[in-house]
Amino acid sequence: MHCPFCRHTDSRVIDSRTADDGTAMRRRRQCPECNRRFTTIETASLAVVKRSGATEPFSRNKVLVGVRKACQGRPVSEDALARLAQRVEEAIRAQGSAEIDVHEVGLAILGPLRELDEVAYLRFASVYQGFDSLEDFESAIALLRAEQEPTGQEPDPAGLGAPPVRGGTTTS
Ligand SMILES: [Zn+2]
């Protein structure tokens, strides 16, 4: 690997460790010529197949740009966005394919984004799933509401549920 400082054609690895839960390898390198150090990050190549059929390398940054746009004006920190993009990338890489459809990237974003901010989720889903009427929003919101309903405790009117706990045991 060329030194990014002096362009020397070789460098020496002085430390390697996995990063991002094993989906990346981070290497610390040193240039034997200028002695400066730099870090490289190695990930398995992952291609995204676009709607046109063309492929491009997966970019966590593109995920970040997309969710940041959906989160505009929402109380979501840049840190939370970065964590979300990382989660999305890890989920996609965990599938183990070298190539994924752009549609699956969108799907992988929906779940974590919904946990992060429901308004941002609706914005993202409206673009991603092509909402074109109020009804689309209404049904998406109804779905969110339905899933928010607390799972009410089953009433136990007769107290038939748990058997009474016996006091001590006696032996004869
Ligand atoms: Zn150098």
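Residues numbered from 1 in each chain as written. Predicted model: local features only at pLDDT ≥ 70, side-chain atom pairs only at ≥ 80, totals over all residues. Heavy atoms only, no water.

## Here's the deal with the coordination of the zinc ion
Argument step 1. Listed as protein donors to the zinc ion are Cys 3 (SG), Cys 6 (SG), Cys 31 (SG) and Cys 34 (SG); their distances from the metal cover 2.3 Å.
Argument step 2. Its four donor atoms give the zinc ion angles of 106 to 118° at the centre, a pattern that matches the tetrahedral case.
Argument step 3. We note that the donor set of the zinc ion lies within a single chain, spaced as C-x2-C-x24-C-x2-C. Linking Cys 3 in the segment before β1 (12–19) with Cys 31 in the loop between β2 (24–30) and β3 (37–43), this pair joins segments that are 28 residues apart in sequence. (Donors = N, O, S within 2.8 Å, 3.2 Å for Na, K, Ca; no water. Tetrahedral: all angles 85-135°; square planar, octahedral: opposite > 155°, others 65-115°. Helix = DSSP H or I, 4+ residues; strand = E, 2+ residues; numbered from the N terminus.)

## Overview of the packing of aromatic side chains
Argument step 1. Scanning the entire structure with this criterion turns up two aromatic pairs.
Argument step 2. Plain terms: the ring middles of Phe 124 and Tyr 128 are 5.9 Å apart, the flat faces sit at 20° to each other, and that makes the pair stacked. Linking Phe 124 with Tyr 128, this pair stays in helix α4 (residues 118–128), spanning four residues, or about one helical turn.
Argument step 3. Judged by relative accessible area, Phe 124 falls into the buried class, the value being 13%.
Argument step 4. Ring geometry for Phe 131 against Phe 137: centres 5.1 Å apart, planes inclined by 90°, an arrangement best described as edge-to-face.
Argument step 5. With relative accessibility at 17%, the residue Phe 131 sits in the buried group.
Argument step 6. When the ring centre of Phe 5 is taken as reference, the NZ or CZ atom of Arg 36 above it lies at 3.9 Å. (Phe/Tyr/Trp six-rings, centres within 6.5 Å; stacked < 30°, edge-to-face > 60°. Buried < 20%, exposed > 50% of the residue type's maximum accessible area, 1.4 Å probe, protein only. Lys NZ or Arg CZ within 6 Å of the ring centre and 35° of its normal.)

## Description of the confidence of the model for the protein chain
If pLDDT is low for a region, its predicted coordinates should not be looked at in detail.
Argument step 1. Of the residues in the protein chain, 86% reach a pLDDT of 70 or more, and the chain-wide mean stands at 86.
Argument step 2. Looking at the elements of the protein chain, mean pLDDT is at its lowest for helix α5 (residues 134–148), recorded as 88, and at its highest for strand β4 (residues 47–49), recorded as 95. (pLDDT = per-residue confidence, 0-100.)

## Quick word on the side chain of Thr 40
Argument step 1. Looking at the element boundaries, Thr 40 is found in strand β3.
Argument step 2. Taking relative accessible area as the criterion, Thr 40 reaches 14% and is therefore assigned buried.
Argument step 3. Within the local environment of Thr 40, its side chain forms a polar contact with the side chain of Arg 29, the two groups lying 3.1 Å apart.
Argument step 4. Ignoring sequence-local partners within four residues, the contact set of Thr 40 consists of Met 1, Met 25, Arg 26, Arg 27 and Arg 29. (Polar contact = N/O pair within 3.5 Å; in protein donor to acceptor, adjacent residues only side chain to side chain. Contact = heavy atoms within 4.5 Å.)

## Focus on the pattern of salt bridges
Argument step 1. Inspection of the entire model under this criterion finds ten salt bridges.
Argument step 2. Residue Lys 62 is joined to Glu 56 by a salt bridge in which the shortest nitrogen-to-oxygen separation is 2.9 Å.
Argument step 3. In this structure Lys 62 comes out as exposed when scored by relative accessible area, which is 52%.
Argument step 4. Two residues, Arg 74 and Asp 117, come together in a salt bridge whose shortest N-O distance is 2.9 Å. Of the two residues, Arg 74 sits in the loop between α1 (60–70) and α2 (78–94) while Asp 117 sits in the loop between α3 (102–116) and α4, which places them 43 residues apart along the sequence.
Argument step 5. A single salt-bridge network, built from bridges that share partners, covers Lys 50, Glu 56 and Lys 62. (Salt bridge = Lys/Arg side-chain N within 4 Å of Asp/Glu carboxyl O.)

## Some details on the packing of α1 against α3
Argument step 1. Where α1 meets α3, the closest approach of the two axes is 12 Å, and the angle between their N-to-C directions is 45°. Comparing the axis directions of α1 and α3 gives the class oblique. Relative to α3, α1 is oriented so that their crossing is right-handed. Together, Val 63, Val 67 and Ala 70 of α1 and Val 105, Ile 109 and Leu 113 of α3 make up the contact between the two elements. (Axes fitted to C-alpha atoms, helices over the stretch in contact; angles between N-to-C directions. Parallel < 35°, antiparallel > 145°, perpendicular 65-115°, else oblique. Left-handed = near helix turned anticlockwise from the far one by under 90°.)

## A few points about the packing of α3 against α4
Argument step 1. Taken N-terminus to C-terminus, the directions of α3 and α4 make an angle of 160°; their axes are 7 Å apart at the nearest point. For the element pair α3 / α4, the angle class is roughly antiparallel. You can see that α3 and α4 cross each other, and the crossing is left-handed. Contacts between α3 and α4 pair His 103, Gly 106, Leu 107, Ile 109, Leu 110, Leu 113, Arg 114 and Leu 116 from the former with Glu 118, Ala 120, Tyr 121, Phe 124, Ala 125 and Tyr 128 from the latter.
Argument step 2. In terms of residue class, the contact of α3 with α4 is made up of ten nonpolar, two polar and two charged. (Nonpolar A, V, L, I, M, F, W, Y, C, P; charged D, E, K, R; others polar.)

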